[in-house]
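Here is how the chains run, residue by residue.
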Amino acid sequence: FIIIVMVLFNQQLAAREKSERLLAQLEGANLQLERYATQIEALTLQAERERMARELHDTLVQGTAGLVLQLEAIKAHHEQNHGERVQELLEQALKRARSTLSESRAAIEDLRNDSELPFKEAVQQIVEQFGSQMSAKVSLDCQLGEAPIPAHIQHHARRSLHELLSNVSKHAAARHVEVTFQQIAHSLKLKVKDDGEGFDPSVLVEDGHFGLQGLEERARLTESRLSIDSQIGKGTTVTITFPRKEQA
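Residues numbered from 1 in each chain as written. Predicted model: local features only at pLDDT ≥ 70, side-chain atom pairs only at ≥ 80, totals over all residues. Heavy atoms only, no water.

Participant: Which parts of the structure should I look at to understand the sheet that holds strand β2 (residues 176-184)?
Facilitator: The strands making up a sheet associate through hydrogen bonds between their backbones, and the pairing can be parallel or antiparallel. Overall, mixed pairing links the five strands, which are arranged β1-β2-β3-β5-β4 in an open sheet. Edge positions in the sheet fall to β1 (137-143) and β4 (225-230), since each has one partner strand and no second. Neighbour to neighbour, the strand axes of the sheet diverge by 10 degrees on average, direction disregarded. Sheet strands touched by helix α3 (residues 119-133): β1, β2 and β3 (187-194). Its angle to β1, the strand with the most contacts, is close to 170 degrees. (Pairing = 2+ DSSP bridges. Helix = DSSP H or I, 4+ residues; strand = E, 2+ residues; numbered from the N terminus. Axes fitted to C-alpha atoms, helices over the stretch in contact; angles between N-to-C directions. Contact = heavy atoms within 4.5 Å.)

Right under this line is the structure:
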């Protein structure tokens, strides 16, 4: 009887020690999860700051900087009594101001309706907005399948499209712009092709210009493939292939 009692006691003691070890491990895991949650929150806030910096730069900062340069030119020509040139620059400044206002509204509206509009409708809206303010003809070919597209991929695809069309509007002087969305197997491909002035992709973008940098950051965040094909005088084609997988 005493032996049986001792065996049961030892088993109970071992089970208790095991429970205490598991409890300690669980508490350690909870502390680790709390640390991870804090790190994730900090990274999320940093990513949000970077995203908002891109949004503000691509609309307000670039537009305002252009207006300042034009106003300075207007002032210089006015002091030299170049009336015709002043009138010409005033028209250009008004056009830029309207364009900046339109782009700012489009960016704010896109942020506001980030998860409300269906993806295809949001893409059509962006294309229509830029098509109405650009002298170039903008066409859209949107080939989407039945498989759902993760929300974060939809967001980055829309913002990439906005950035690409903004760059075309400001720098390309194109006559035709072709926008294509194609859903293939486990990927979503965005291609924007223009027949504008083009540029040399090997030349580094000046510090402070976030157009291409923003695209590279989005490609990195979504593990996407970014391809830029451009030659001076022969237009530009930018292709981004997003993996259609959920965010980890």
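Participant: Sorry if this is basic, but what is going on with the nonpolar core here?
Facilitator: For soluble globular proteins, the rule of thumb is that nonpolar side chains tend to be buried together. Ranked by size, the top nonpolar core spans 28 residues in total, and within it L161, L165, V177, V179 and F181 carry the most contacts. Elements that contribute at least two residues to this core include exactly α3, β1, α4 (151-172), β2, β3 and β5 (236-243). When residues of this core are assigned to their parent elements, the largest contribution, seven residues, is made by α4. Leaving out residues up to four positions away in the same chain, L161 has contacts with V123, I126, V127, V179, F181, L190 and V192. (Core = buried A, V, L, I, M, F, W, Y, C linked by side-chain atoms within 4.5 Å. Buried < 20%, exposed > 50% of the residue type's maximum accessible area, 1.4 Å probe, protein only.)

Participant: I would appreciate a short explanation of α3 in the present structure.
Facilitator: Since the α-helix turns once every 3.6 residues, residues separated by three or four places project in the same direction. Taking 1.5 Å of rise per residue, the 15 residues of α3 would be expected to cover 21 Å, and the 22 Å separating its terminal C-alpha atoms lies within 8% of that figure. For α3, the set of buried residues is F119, A122, V123, I126, V127 and F130. Each buried residue of α3 sits inside an arc of 135 degrees when the element is viewed along its axis, so together they form one side. Opposite the buried face of α3, at more than 90 degrees from it, the exposed residues are E128 and S132. (Expected span 1.5 Å × (residues − 1). Arc of directions from axis to C-beta.)

Participant: What am I meant to see in the environment of V179 here?
Facilitator: In this fold, V179 is placed in strand β2. For the pair V179 and T237, spaced 58 residues apart in sequence, the C-alpha separation works out to 9.9 Å. Leaving out residues up to four positions away in the same chain, V179 has contacts with V127, V138, S139, L140, D141, L161, L165, L190, K191 and V192.

Participant: Where do I start with the confidence of the model for the protein in this structure?
Facilitator: Do not read the fine detail of predicted coordinates wherever pLDDT is low. Of the residues in the protein, 77% reach a pLDDT of 70 or more, and the chain-wide mean stands at 79. The model gives residues 204-210 a pLDDT under 50, and that stretch makes five contacts with residues more than four places away or in other chains. (pLDDT = per-residue confidence, 0-100.)

Participant: Hey, could you run me through the pairing of β1 in this one?
Facilitator: Looking along a regular strand, one sees the side chains alternate between the two faces of the sheet. Sheet topology note: the β1/β2 ladder contains seven bridges and is parallel. Across the sheet, residue V138 finds its bridge partner in β2, namely V177. At this point the chain moves from β1, through α4, to the parallel β2, and the crossover so formed is left-handed. (Right-handed = clockwise from strand over helix to strand, strands pointing away.)

Participant: Looking at this structure, how should I read the pattern of salt bridges?
Facilitator: Two side chains carrying opposite charge are able to pair once their charged atoms lie near each other. Inspection of the entire model under this criterion finds three salt bridges. Notably, a salt bridge pairs R85 with E88, separated by 2.9 Å at the nearest N-O pair. Within this pair, R85 and its partner E88 are both found in helix α2 (residues 83-112), separated by three residues, close to a single helical turn. R85 gets classed as partly exposed once you look at its relative accessible area, which sits at 32%. Across the pair E163 and R218 runs a salt bridge whose closest N-O atoms are separated by 2.9 Å. Placement of the pair is E163 in helix α4 and R218 in helix α5 (residues 211-222), with a sequence separation of 55 residues. (Salt bridge = Lys/Arg side-chain N within 4 Å of Asp/Glu carboxyl O.)

Participant: It is not clear to me how the pairing of β3 should be interpreted in this structure. Could you clarify?
Facilitator: The pairing of β2 with β3 spans eight bridges and is classified as antiparallel. Residue pairing for β3: V179 is matched across the bridge by V192. Here β2 hands over to β3 after two residues, with A185 in that stretch at a positive phi of 45 degrees. Bridging between β3 and β5 involves eight bridges; their strand directions are antiparallel. Residue pairing for β5: S187 is matched across the bridge by P243.

Participant: Help me out: how do you make sense of a nonpolar patch on the surface in this one?
Facilitator: A grouping of F1, I2, V5 and M6 is seen on the molecular surface, where their side chains present a nonpolar patch of about 480 Å² in accessible area. Residue placement: V5 occurs in helix α1 (residues 2-79). (Patch = residues over 30% accessible without salt bridge, like charges linked within 9 Å, V, L, I, M, F, W, Y side chains within 5 Å. Areas by Shrake-Rupley, 256 points an atom, 1.4 Å probe, with all protein chains shown as cover.)

Participant: It is not clear to me how α4 should be interpreted in this structure. Could you clarify?
Facilitator: With 22 residues, α4 extends 30 Å between its outermost C-alpha atoms, agreeing within 8% with the 32 Å of an ideal straight helix rising 1.5 Å per residue. Where burial is concerned, most of α4 is hidden: 18 out of the 22 residues are buried. With its phi angle positive at about 55 degrees, A173 sits one or two positions after the end of α4.

Participant: Would you mind going over the packing of α3 against α4 with me for this structure?
Facilitator: Between two packed helices, the angle of one axis relative to the other and the distance separating the axes together describe the packing. Axis separation between α3 and α4 bottoms out at 10 Å; the angle between their running directions is 10 degrees. Here α4 runs roughly parallel to α3, going by the angle between their axes. Across from F119, A122, V123, I126, V127 and F130 in α3, the residues of α4 making contact are Q154, A157, R158, L161, H162, L165 and S166. In terms of residue class, the contact of α3 with α4 is made up of nine nonpolar, three polar and one charged. (Parallel < 35°, antiparallel > 145°, perpendicular 65-115°, else oblique. Nonpolar A, V, L, I, M, F, W, Y, C, P; charged D, E, K, R; others polar.)

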